[in-house]
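# A structural walkthrough
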Number of protein chains: 2
Amino acid sequence: VAVGLSEPVNILAISGITLATTACGIKSNGQHDLVLIKIDEGASCAAVFTQNAFCAAPVTVAKKHLSEKQPRALLINSGNANAGTGEQGVEDALQSCDWLAEKTACSKEEILPFSTGVIGETLPMASIEQGIQTLSEKLLSDTSSPEQWQAAARGIMTTDTVAKAVSKQVTIDGKIVTITGIAKGSGMICPNMATMLAFIGTDANVGESYLAQCLHSAVGESFNAITVDGDTSTNDACVLVATGQSDANEINADNKDAELFLNAVSEVCVHLAQAVIRDAEGATKFVEVNVKSAASVDEARDVAYTIAHSPLVKTALFASDPNWGRILAAVGRAGIEGLVLEDVSIYLDEVCIVSHGSRDVSYTEAQGQKVMDQSEIAINVNLNRGDSEATIWTSDLSHEYVTINSEYRT
Amino acid sequence: VAVGLSEPVNILAISGITLATTACGIKSNGQHDLVLIKIDEGASCAAVFTQNAFCAAPVTVAKKHLSEKQPRALLINSGNANAGTGEQGVEDALQSCDWLAEKTACSKEEILPFSTGVIGETLPMASIEQGIQTLSEKLLSDTSSPEQWQAAARGIMTTDTVAKAVSKQVTIDGKIVTITGIAKGSGMICPNMATMLAFIGTDANVGESYLAQCLHSAVGESFNAITVDGDTSTNDACVLVATGQSDANEINADNKDAELFLNAVSEVCVHLAQAVIRDAEGATKFVEVNVKSAASVDEARDVAYTIAHSPLVKTALFASDPNWGRILAAVGRAGIEGLVLEDVSIYLDEVCIVSHGSRDVSYTEAQGQKVMDQSEIAINVNLNRGDSEATIWTSDLSHEYVTINSEYRT
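Below is a summary of the structure that appears in this document.

What counts as what
- Residues numbered from 1 in each chain as written.
- Chains lettered and ligands numbered in written order.
- Predicted model: local features only at pLDDT ≥ 70, side-chain atom pairs only at ≥ 80, totals over all residues.
- Heavy atoms only, no water.
- Core = buried A, V, L, I, M, F, W, Y, C linked by side-chain atoms within 4.5 Å.
- Buried < 20%, exposed > 50% of the residue type's maximum accessible area, 1.4 Å probe, protein only.
- Contact = heavy atoms within 4.5 Å.
- Buried area = accessible area lost by both parts, 1.4 Å probe.
- Salt bridge = Lys/Arg side-chain N within 4 Å of Asp/Glu carboxyl O.
- Polar contact = N/O pair within 3.5 Å; in protein donor to acceptor, adjacent residues only side chain to side chain.
- Helix = DSSP H or I, 4+ residues; strand = E, 2+ residues; numbered from the N terminus.
- Nonpolar A, V, L, I, M, F, W, Y, C, P; charged D, E, K, R; others polar.
- Expected span 1.5 Å × (residues − 1).
- Least-squares fit on C-alpha atoms with pLDDT ≥ 70 in both.
- Axes fitted to C-alpha atoms, helices over the stretch in contact; angles between N-to-C directions.
- Parallel < 35°, antiparallel > 145°, perpendicular 65-115°, else oblique.

Residues A:Phe261, A:Ile307, A:Ile346, B:Phe261, B:Ile307 and B:Ile346 are the most contacted members of the largest nonpolar core, which totals 169 residues. When sequence neighbours within four positions are dropped, the list of residues in contact with B:Ile346 reads B:Ile327, B:Leu328, B:Val331, B:Val351, B:Cys352, B:Ile353, B:Val354, B:Ile379, B:Asn380 and B:Val381.

A common way to express how large an interface is: the accessible area buried when the components associate. Every contact between the two is made by 49 residues of chain A and, on the other side, 49 residues of chain B. Of the roughly 4,100 Å² buried where chain A meets chain B, counting both sides, 62% is carbon and sulfur surface. Summed over the shared surface of chain A and chain B, the number is zero salt bridges. The interface formed by chain A and chain B includes nine residue pairs in polar contact (both at pLDDT 80 or more). Elements with a minimum of two residues in the side of chain A that touches chain B: helix H8 (311–318), helix H9 (324–332), strand E14 (358–359) and helix H11 (399–407) of chain A. Ranked by the residues each element gives to the side of chain A that touches chain B, the list is headed by H9(A), at seven residues. Looking at the side of chain A that touches chain B, its residues break down into 21 nonpolar, 20 polar and eight charged.

A few words on helix H1 (residues 57–68) of chain A. Owing to its 3.6 residues per turn, the α-helix brings residues three or four apart onto one side. All names here are of chain A. For H1, which comprises 12 residues, the first-to-last C-alpha distance of 17 Å matches the rise-based estimate of 16 Å (1.5 Å per residue) to within 8%. Taken together, the buried positions of H1 are Ala-57, Pro-58, Val-59, Val-61, Ala-62 and His-65. For H1, the secondary structure elements touched by its buried residues are strand E3 (44–49), helix H2 (86–104) and strand E5 (111–118).

The two copies are related by a screw motion: chain A maps onto chain B through a turn of 180 degrees and a shift of 0.0 Å along the axis, at an RMSD of 0.0 Å. Overall, the copies show the geometry of a two-fold rotation axis. No C-alpha of chain A lies nearer the rotation axis than that of A:His399, which sits 2.9 Å from it.

Okay, unusual backbone geometry next. Positive phi outside glycine occurs at A:Asp349, with the angle close to 50 degrees. Unlike most non-glycine residues, B:Ser320 shows phi in positive territory, near 55 degrees. Position of B:Ser320 relative to the elements: it lies in the loop between helix H8 (311–318) and helix H9 (324–332). Residue B:Ser320 is classed as buried on the basis of its relative accessible area of 15%.

Right, let's talk about the packing of H11(A) against helix H11 (residues 399–407) of chain B for a bit. Between H11(A) and H11(B), the least distance of the axes is 9 Å, while the angle of their chain directions is 170 degrees. Comparing the axis directions of H11(A) and H11(B) gives the class roughly antiparallel. Facing A:His399, A:Val402 and A:Thr403 of H11(A), the residues of H11(B) in contact are B:His399, B:Val402 and B:Thr403. Split into classes, the residues belonging to the contact of H11(A) with H11(B) amount to two nonpolar, four polar and no charged.

Keep in mind that these numbers describe shape and distance, not what the molecule does.
Here's what the structure looks like:
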C-alpha cells in the first residue's frame, strides 16, 4: 500500500495529444503493457534521459530520433526494459518504430520508443507487432480523454501499485493552459538527470529552448531529488511535450508569465516524483530529508543522499525507531571536508534530537517516537556552515522491499 | 548462521600479552562485555581509526593517548558505542582509563579505550568501575592462554553470532613468530582506513615505522575491502601490538624476511575481515567482487563497491537469482568516465554472463542458477580498459538483515 497516495483524480486531457493502450502479453497478468501517446503536428518537445553508462536500447534510439526530428508519437512498453540486449535490442526498438510509423503516417524518426521492466530479455516482437496494430485501430476513435491519460498511467506501471498522474492549470497572458503528467516507479530509483518514465503534456505554446529549460529545472528539483535504493535505472526518461493548442501566446524566457508556467511544470514533476516515492517498493514511510546551511548545494545533496541511502537509517524508519545515532553516523560519513561535529543539529520534524553534535539535552525518546510513528516524516539537518540547502525524498527499507526484489523474476 | 564460519580453533597465545574479560551488565543477556588486553612493557603499537567525521568519544581519546605514549593496555566494552555522547562521552572514556590506570600501575595515557554497540547512550559508569575492579583481579592469575584470546573475541561481540579469531606463525631469521588477531562485526560495516574493532598481537620484535606500514598495508586489502551496508561506523579501530618477546631479530623494512611478516599480518587481517562478512547481519551469501582491467585501482574499487552496495544486486543474491541485469546496471551507474559498454564482460564464478555489454550468447540461465545456488559466489567484472584491479567482499541483503536492524534497540 502506497503512503498517502490514492488513484489520481481530476485529470485533464491535453488538446493535441491522443492516447491508446493495450495488453500485448508482455505482462503475464493480462494488464495493459503497450501505450501510445500521439502528438499533433506543430508541437515542441524536450526530454532528459538516464546517465547510466549502460542505457537501454530504446534510450539510445529515442535520443537519436529526438536529435533528428520533432516527435509525433511516443511508444512505451512495460514489463520488459529492452536493456542489456545489445544490437538485437536496438534493432527491436527500431523495428517497433518502423511498424508504428507505417500505421500512423509518420517517419520512424518521429517516434520515440521507451521500455521499462525486466533487464536482459529481448522484446517479444510478434506480440509488439500485434499490439501496435491494435493501438493504431484504437486511435481512430476519440482518445484524448482524461480516462485515456489514466489508462496510460496504468499501462506504464511495473511493480507500481497505484497509477501516478496529475494535472495543473495556470493562466498565461489571461489564457488558461493545462499541464498533465504521468509517471511510473518503483524500484531501481535514483534518477540522475532524468527518472524512471515520466511523460508530461501541455497545450501551452512554448519556445523550444524555454521548454528544455523548464524541463531541466523541474527535473532537478523533483525526479533528481528522490531515491528508493540508490540504483539508477538503465531506462530513465522524462519527456515534456507542448502542443501549442491553447489560446495563450507563445511562452519564452522573456514572457512575463513564463515563471508561472515553469513553476506549474515543476509542481507536476514534484507531485509525480513524490508519488513514485510514496509507492516505492515496500515503502511504509514517506520521508523528506532537508539539509540546510551547507557550504554548497552539492554538499547539502551529498549529506541528504547519504542519509537517504543508509540501510541502517532506512530500517530504523521501517521500525519507527528514533535511532538518531544512525542519522548522525550517516552525516559523519558523507565525506564533507572539515565538517565540525559541534556545529551540527538534527531534527525529526520539529523535534531537536541532536545539537552540538550529540543528543540534545531536552530531547526525550517519547518525542522522537511520536514523530517516527507517523507515516510521513521529515529529517532536518542543519550543518551551520553556509547558505545552501537541498531537499530529497525517500522511503524506508522494509521486509516487503526484500520480498519484492528477491521474487521479482520468479 | 554465518556463511562458512565456525568457532575459531588453533588459537595461539602471544607472549607479552595477557587478557581478561567480565560481564559488567552493559549487555542485557549477561554475556561478557568488558575486555582488558594488557601489554608488557617494551612493546610497540600501531593503530588505524574510523574516518567518520563523527568519531566516537573513545576513538578521540585513544588517538590522543596513542600520540603521547606507547600503550600498556586496551580496554574494550561492547553493547554501548559511547558515540554521539558529546563531552560526557569523552569524560567517561577518560574516567575509565583513570580507573584502570590506578589498578594496573600505568598512567591513563598508556590506556586506549574502545567501545562498540548502540550509538547515543552514555556508558553506565558504576558498572564499568565494578567491571574494571573484576578485570584487574582476574589479571593476577595466568591469563595469556589461547582460551583467554577466545574469551576476548566473544567479549567484544555485539550482533556477531560467531567469535572471530585467527593465528598464524611465520619464521623470521630462523625463529618462529606468532600473530593472533580477534575482530567483531557485524553491521554498519564499510570501514574506511580502519574497521569495526580488530586487535592483533604478535610476539615479533618490529620497528615502529615498519609496524605501522604493515598495518596500513594489511588493512587496505582486508578491512578496507569489505562492506555489509555501506555504513561506516563511528567506532572503527584496528590495533596491532608487537611485544618483541619472541627470539627473532627486530623486523624492519630492510630485513630480508620482512615481507613474510607483512604477508602473515595481511593474512590474519584478511581472515578476520572475511569472517566479519561471513557473519554479517542476516548474511546468507559470502560474495567476492573482483574488478579487473580497470584504468586505476580507485576505479576498480568504485565499480566493486557500487555492485556490493546495490540493494537490487544484494536482494538478487539473497534470492539466488542470476539477475545479471542488475549487476550490469550497477556497473553502468558507477560513474566511470568514458566507460565503453561493448568492452565490459561479467562472470559469475567462471560462467560468462555478459560479454560486449549484453548477455553472452552462450549463457544459459541454468549455468547462472548453478553458481547462484552456492553460498559462496564470485562476481568477476572485466572492464577491459587498463591494468588495475581490486577485490572486495560483501554479503547479501536478506529479510534477516531487515529484522535485525529494525529490532536492534527493542
